[in-house]
Amino acid sequence: MRNALIWLGVGAALLVPLIAAATSPYLAWRDPIYILAGFAGVLSLGLLLLQPLLAARILPGLSPMTSRRVHRWVGVALVIAIVIHVAGLWITSPPDVVDALLFVSATPFSAWGVIAMWAALFAAFLGIYRQRLALRFRVWRLTHTTLASVTIVGSVVHAMLIEGTMEIMTKTALCVLVLLASGRALAKLRVWDVRRRA
């Protein structure tokens, strides 16, 4: 029963913000590509909830090997969602995306989004090319976790500063859950302890 409730809670945390965003009045004045980009952003935030839970093997019913494998696939899905998010915004408003990438945008949330994007892409790069880079495990894990943490903090600030399709209460709840899950994972993995290789 406990395991079922945990999975039900995780599912609700992922779906409710998407459903709330789908009812947003802002969608009435947006074209399909912009809407797709927005929902890709909402999905990205939801995937950031799963990643630390999978990395720390907190989700019940999953073996360590399965958690690791799903963590990798969710990471791939996260990168795809980020690319769709940015590409959609580029198609609908190239000047805004250029300003954001150059950190000259007048909107503060843009810089946080760009920082989170690059951190996520570099974290994914390290995940994919870990063996080829021949990094010591402790160095790799600390670097990967640091980039993931920057992604999470940047994404949460980015999301909270935007007044858009995401409904404020569900957005806030999801952001809090992402931060709590990340903190729980960091406490369990203790990546800062260089004497351990867990």
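These numbers were taken from a predicted model, which means no experiment stands behind them.

## Quick word on the overall build of the chain
And step 1. Counting secondary structure elements, the chain contains 8 helices and 0 strands.
And step 2. Reading the helices (α) and strands (β) of the chain from amino to carboxyl end gives α-α-α-α-α-α-α-α.
And step 3. By the compact-globule yardstick of 16 Å for 198 residues, the chain fits well, its C-alpha radius of gyration being 17 Å.
And step 4. Taking the principal axes of the C-alpha coordinates as reference, the chain spans close to 50 × 45 × 20 Å.
And step 5. Buried residues in the chain amount to 35% of all 198 residues.

## Observations concerning a nonpolar patch on the surface
And step 1. Taken together, the side chains of F103, W112, I115, V150, V153, L161 and L179 make up a nonpolar region of the molecular surface, amounting to roughly 590 Å² of accessible area.
And step 2. No other element matches helix α7 (residues 137–161), which puts 3 residues into the nonpolar patch.
And step 3. Mapped onto the fold, F103 is located in the loop between α4 (94–101) and α5 (108–128).
And step 4. Judged by its relative accessible area of 48%, F103 is partly exposed.

## Let's talk about the environment of V79
And step 1. Looking at the element boundaries, V79 is found in helix α3 (residues 64–92).
And step 2. Along the chain, V79 and S110 lie 31 residues apart, while their C-alpha atoms are 18 Å from each other.
And step 3. The contacts of V79, once residues within four sequence positions are left out, are L121 and A124.

## Looking at helix α1 (residues 2–22)
And step 1. Taking 1.5 Å as the rise per residue, α1 with 21 residues should run 30 Å; its terminal C-alpha atoms sit 30 Å apart, in good agreement.
And step 2. Every buried residue of α1 is listed here: V10, A13, P17, A20 and A21.
And step 3. Its buried side turned inward, α1 meets α2 (32–55) and α8 (168–189).

## A look at a positive patch on the surface
And step 1. On the surface, R57, R68, R69, R72, R184 and K188 cluster together into a positively charged patch.
And step 2. Listed by contribution, the elements that provide at least two residues to the positive patch are α3 and α8.
And step 3. Of the residues forming the positive patch, the biggest block, 3 residues, is contributed by α3.
And step 4. As for its position among the elements, R68 is in helix α3.

## Structural notes on the environment of P17
And step 1. Tracing the backbone shows P17 in helix α1.
And step 2. Separated by 25 residues in the primary sequence, P17 and V42 place their C-alpha atoms 7.4 Å from one another.
And step 3. Among all residues touching P17, those that are not within four sequence positions of it are A12, V42, M166, T170 and L174.

## A word on the packing of α1 against α8
And step 1. Look at α1 against α8: their axes get within 9 Å of each other, and the N-to-C directions meet at 155°. Classified by the angle their axes make, α1 and α8 are roughly antiparallel. α1 and α8 meet at a crossing whose hand is left-handed. Residues A13, V16, P17 and A20 of α1 pack against T170, L174 and L177 of α8.

What counts as what
Residues numbered from 1 in each chain as written. Predicted model: local features only at pLDDT ≥ 70, side-chain atom pairs only at ≥ 80, totals over all residues. Heavy atoms only, no water. Helix = DSSP H or I, 4+ residues; strand = E, 2+ residues; numbered from the N terminus. Rg over C-alpha atoms; globule rule 2.2 N^0.38 Å. Buried < 20%, exposed > 50% of the residue type's maximum accessible area, 1.4 Å probe, protein only. Patch = residues over 30% accessible without salt bridge, like charges linked within 9 Å, V, L, I, M, F, W, Y side chains within 5 Å. Areas by Shrake-Rupley, 256 points an atom, 1.4 Å probe, with all protein chains shown as cover. Salt bridge = Lys/Arg side-chain N within 4 Å of Asp/Glu carboxyl O. Contact = heavy atoms within 4.5 Å. Expected span 1.5 Å × (residues − 1). Lys, Arg positive; Asp, Glu negative; His and termini not counted. Charge placed at Lys NZ, Arg CZ, Asp CG, Glu CD. Axes fitted to C-alpha atoms, helices over the stretch in contact; angles between N-to-C directions. Parallel < 35°, antiparallel > 145°, perpendicular 65-115°, else oblique. Left-handed = near helix turned anticlockwise from the far one by under 90°.

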